[in-house]
Amino acid sequence: MSLSKITSHQDYIALVNELIEHDKHYYDEAKPVISDFAYDLKLRQLIEYEKAHPEYILPNSPSQRISESATEGFHQKEHLTPMMSLANTYSEGEIEDFIKRVHKGLEKKQVPFCCELKMDGTAISLLYRSGKLVHALTRGNGKVGDDVTANIKTIKSIPLELSGKEFPDLFEVRGEVFMSLAVFRAINEQREIEGLEPFANPRNAAAGSLKLLDSREVAKRKLNITCYAMGEGQSLEKTQHGTLQFLKKMGLPIAKPPYIARCERIEEIMHFAERIHEERESLPFEIDGIVIKVDDLKAQQMLGATGKTPRFAVAYKYAPEQVFTQILDITVQVGRSGVLTPVAELEPVFLAGSTIARATLHNQDEVTRKDIRKGDWVAIEKGGDVIPKVVMVDVAKREPHTKPWKMPSVCPACHTAVVHKEGEVAVRCPNPRCAGQRVRRLQYFASKHAMDIEHMGERVVEQLVDKGLVTRISDVYLLTEKELSLLEGFKEKSIHNLLESIEKSRNCPLSRFIMALGIKYVGTETADLLAEQAHDLDTLMQMTEEELLNIEGIGEKTAQAIVDHFRDPEHREEVELLIKHGVAPQKPKKQKILGHAFAGKTFVLTGALQNFSRDEAAHLIKERGGKTTGSVSKKTDFVLVGEDPGSKYEKAKELGVDILSEGQFQKML
Ligand code: IVH
C-alpha cells in the first residue's frame, strides 16, 4: 500500500474526518470498512503531518488519543457528584422487594423501570466542559478517583469533543470500561507466549490496563466503554431512557435495544433477565447481571440513597456460570511448603470468559466428601473469582468399576514417603530438597508480588529446576546466556528478556524481597509493615518475637513464624547468598518524617474527607510518626473531622481535644 503525502491543510482535515468515520464503523457498528493495517497507515500519515505542523493539530484528531508521554503515577481528583455503587439482588423475591420499596417510597402502584445490562468492567466518570473532554476519573472511593485521562483517550469510542450543542456546560458521564472477550483472549494468548501471567478475567484486564502508566501500552489493550448515566441531577432529560438517547446524540456509546428495555411488572423484568441470561454466553463481552433503574429521573431523586447505594436502582446478579466436563485425570501438585494438593485435569471447557483445563480439589477430605473420581462428569463453577471449582459429580454418568480416589503414599515429584500429621487435613512431602517444592518456591519467588521477574513463568521455572540450572533460589542470579540457551524455544530475544528482568529484580523494594522469602503467614501487607519498621534486612533478621509483636498489625503466629524462619541456618544462608550475588533490596523511600508535628501523636478520624480516603489519611499520619485509633479519649491528641462527622466529633468537643479540619490537616502535612 502506498502512502500519499498530505500536502494541504484541507487534506489534513479530510483525513481527520475520514479516520473519525472509520472509528465509528469500527467501534459503534463493529463493521470496519478498512483493515486495521490500512487504518494504521492512514493514522501514521496523519501523525507525520501533525509532527511537521503541530500548530494545526485539531483537538478531535484521532492521534490525540495516543499520549506520547508516560505519566508518573496518577493524580487524584474529586468527582463533581459522588459515584455510588449498586445494591445487589440474587432472586426474583429480592427484586419484588425492591419494586415494593419503590412503590411505597413514591406512593404509586405502577412505576416504569429501565432495565440494562450490568457490564463487567470498571466504572469511569468522564467530565465534559463546553463539550470537550476535561478529565476521566476512576471510581476510587466514590468521592475522589484516579485521573486516568491519558489512558481513557485511547478508547476510540469516547469522543474528545461532543457532537451537537444542547448539553450542559459542565457535566459528568458515567460508564463502564470493559475489554471484549475477543481482545481478552488474544491478549492472554500473547502474554502466555511472552511468559507473562495471563489476566484472570476481562474485568481485571480492563481495570489493570487503565492503571498502566504508559498510555501507548493502554492503546494496545483496545478497551471499550458503555455509558449508562450522567452525574446526579445533571441530565436535562426526564427519564433514564431519555438520558441514554441524549448521550447517544452527543456521540457517546450506549447500550441499545434489545439490551435495554422498559419494564413495569416483575414478569417483564424477569423476562428481560432470563432472555439476557440465555444470550449471555454468546455476547462478545462479559456481564455479571442486569441493572434495574427507576426510569423517571425526578422519582429517582425523590427516592434518594442510603449510604453509598441509591434506592432507585439495584443490580440483579446471575448465579455463577456452571458447565459440565469430564475429569481426565487427578494429579497431585506439590506446594512450596510440601503440601500435596489433588488437581482435576479436565477436558478443556469454556467458562465465564476463559478456557478451563484444571480445577483444584483442595485435599483428600474434599475429594472423599464429594466422592470425585477419575473419569467422572462434573459441574465446574467460576464464581467471579479466578480458581474454578468442582461443585458436583454427575454420578449417573459414572462408568462402572471406578474406584474412589486416594492420595498417593509417596510424593509424585521426589518419591519420598508422604506424612499426614494427626489432626491436620494436609498431607505433606517432608523432603526440603524435593524438586516439586523447588519449582513452587521459585515460582513464588519470581511472582509479581515478590521479585516480579517478568519473563519467568511456570514453564520456564519448571525447566530451570528440571535441568538443574537452579537448585537453590539464589542460583537465579548466576544464570548465564549459555545456560538459558538450553531452555526449550529460548533464542536470543527470550534469553535477553529473561536476563533483563532478572537484572531489574535485583533492586526490588525491600518489602517485596521480604515477601519473596516465603515466610509463613507473611503476605504483602505484613511484608510492607516489616520493611517499614525494620528498614533493613539485618535488623529484620535480628528482631525478637517481642519486638515484632510491638509492630501494630503483627500477631503472635506471624511473629513466631518470622523468628523461626530466620533461626534456620539454611534460610539465613540463602539471604546471604542472594545479597552476595548482587541482590540489593531498596529501603522504603518514605521514611518516617522526623521531627514532624504528628510524631508521637494519636489521631481519631471522623466523617468523610474530600481529598483522602481514611486509609490514606492514616498512612500519612503514620509516615509522620503518629498513630490512629478508633475512639476519642483523653489520650487523643487530634480529631480530624470530615463531612458529616459522627459522635466522635461531639466527644472531642466535650473532652477539649484539638479538632483539625481537612484544610488544617493538609497544611500541617
Ligand atoms: S448504574 C448509582 N448501570 O456496576 C450507581 N452501573 O456497583 C450507578 N455497572 O461498577 C450504577 N453496568 O460501573 C449502572 N448499566 C449499568 C452498569 C453499571 C455496569 C457497574 C458500575 C459499578 C457497578 C455498580
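Small disclaimer: the values here were computed from a predicted structure and weren't measured.

What counts and how
- Residues numbered from 1 in each chain as written.
- Predicted model: local features only at pLDDT ≥ 70, side-chain atom pairs only at ≥ 80, totals over all residues.
- Heavy atoms only, no water.
- Core = buried A, V, L, I, M, F, W, Y, C linked by side-chain atoms within 4.5 Å.
- Buried < 20%, exposed > 50% of the residue type's maximum accessible area, 1.4 Å probe, protein only.
- Helix = DSSP H or I, 4+ residues; strand = E, 2+ residues; numbered from the N terminus.
- Near = heavy atom within 4 Å.
- Polar contact = N/O pair within 3.5 Å; in protein donor to acceptor, adjacent residues only side chain to side chain.
- Areas by Shrake-Rupley, 256 points an atom, 1.4 Å probe, with all protein chains shown as cover.
- pLDDT = per-residue confidence, 0-100.
- Contact = heavy atoms within 4.5 Å.
- Pairing = 2+ DSSP bridges.
- Axes fitted to C-alpha atoms, helices over the stretch in contact; angles between N-to-C directions.
- Expected span 1.5 Å × (residues − 1).
- Arc of directions from axis to C-beta.

## Thoughts on the nonpolar core
Next up, step 1: Counting 53 residues, the largest nonpolar core has Leu442, Ile453, Met456 and Leu464 as its most contacted members.
Next up, step 2: Breaking this core down by element, the ones donating at least two residues are helix 12 (435–446), helix 13 (458–466), helix 15 (492–505), helix 16 (510–516), helix 17 (524–534), helix 18 (537–542), helix 20 (556–567) and helix 21 (569–580).
Next up, step 3: By size, the runner-up hydrophobic cluster in this structure holds 37 residues, among which are Ile158, Phe171, Leu181 and Leu223.

## Observations regarding the site of the ligand
Next up, step 1: Near the ligand you find 13 residues, and of these Leu86, Glu116, Glu176, Tyr228 and Lys293 are the closest.
Next up, step 2: With respect to the ligand, the backbone of Leu86 contributes an N or O atom lying 2.9 Å from an oxygen atom.
Next up, step 3: Between the ligand and Glu176 there is a distance of 2.2 Å, counted from an oxygen atom to a side-chain nitrogen or oxygen.
Next up, step 4: Protein burial of the ligand: of its 520 Å² of free accessible surface, 86% is covered by the chains.

## A word on the confidence of the model for the protein chain
Next up, step 1: Summary statistics for the protein chain give a mean pLDDT of 88 and a share of 94% for residues scoring 70 or more.
Next up, step 2: Note on residues 68–72: pLDDT under 50 across the span, and 5 contacts to partners over four residues away in sequence or across chains.

## Concerning the environment of Thr628
Next up, step 1: Within the secondary structure, Thr628 is located in strand 20 (residues 627–628).
Next up, step 2: Leave out the neighbours within four places in its chain, and Thr628 touches Phe603, Leu605, Ala618 and Ile621.

## What to know about the sheet that holds strand 2 (residues 87–89)
Next up, step 1: Taking strand neighbours across the sheet as the criterion, the 5 strands line up as 2-13-10-3-9 in an open arrangement whose pairing is mixed. Whereas interior strands pair on both sides, the edge strands pair on one side only; in this sheet they are strand 2 and strand 9 (260–263). When strand polarity is set aside, the average angle formed by the axes of neighbouring strands in this sheet is 30 degrees.
Next up, step 2: As paired strands, strand 3 (residues 113–119) and strand 9 are joined by 4 bridges and run antiparallel to one another.

## Overview of helix 15
Next up, step 1: Between its first and last C-alpha, helix 15 extends 20 Å over 14 residues, near the 20 Å set by a 1.5 Å rise per residue.
Next up, step 2: Among all positions in helix 15, only Ile495, Leu498, Ser501, Ile502 and Ser505 are buried. What you see down the axis of helix 15 is that its buried residues fit within an arc of 135 degrees, all on one side. More than 90 degrees from the buried face of helix 15, the exposed residues found are Glu492, Lys493 and Lys504.
Next up, step 3: Taken together, the buried residues of helix 15 touch helix 13 and helix 14 (481–484).

## Some details on helix 21
Next up, step 1: Over its 12 residues, helix 21 extends 16 Å from the first C-alpha to the last, a length consistent with the 16 Å expected when each residue adds 1.5 Å.
Next up, step 2: Of the positions making up helix 21, those classed as buried are Glu574, Val575, Leu577 and Leu578. Here the buried residues of helix 21 occupy an arc of 165 degrees about the axis, which is enough to place them on one side. For helix 21, exposure combined with an orientation more than 90 degrees from the buried face picks out Pro569, Glu576 and Lys580.
Next up, step 3: The elements touched by buried residues of helix 21 are helix 12, helix 16, helix 18 and helix 20.
Next up, step 4: The distance from a side-chain oxygen at the start of helix 21 to the backbone nitrogen of Glu570 is 2.9 Å, and the residue carrying that oxygen is Asp568.
Next up, step 5: Gly582, located one to two residues past helix 21, shows a positive phi value of around 100 degrees.

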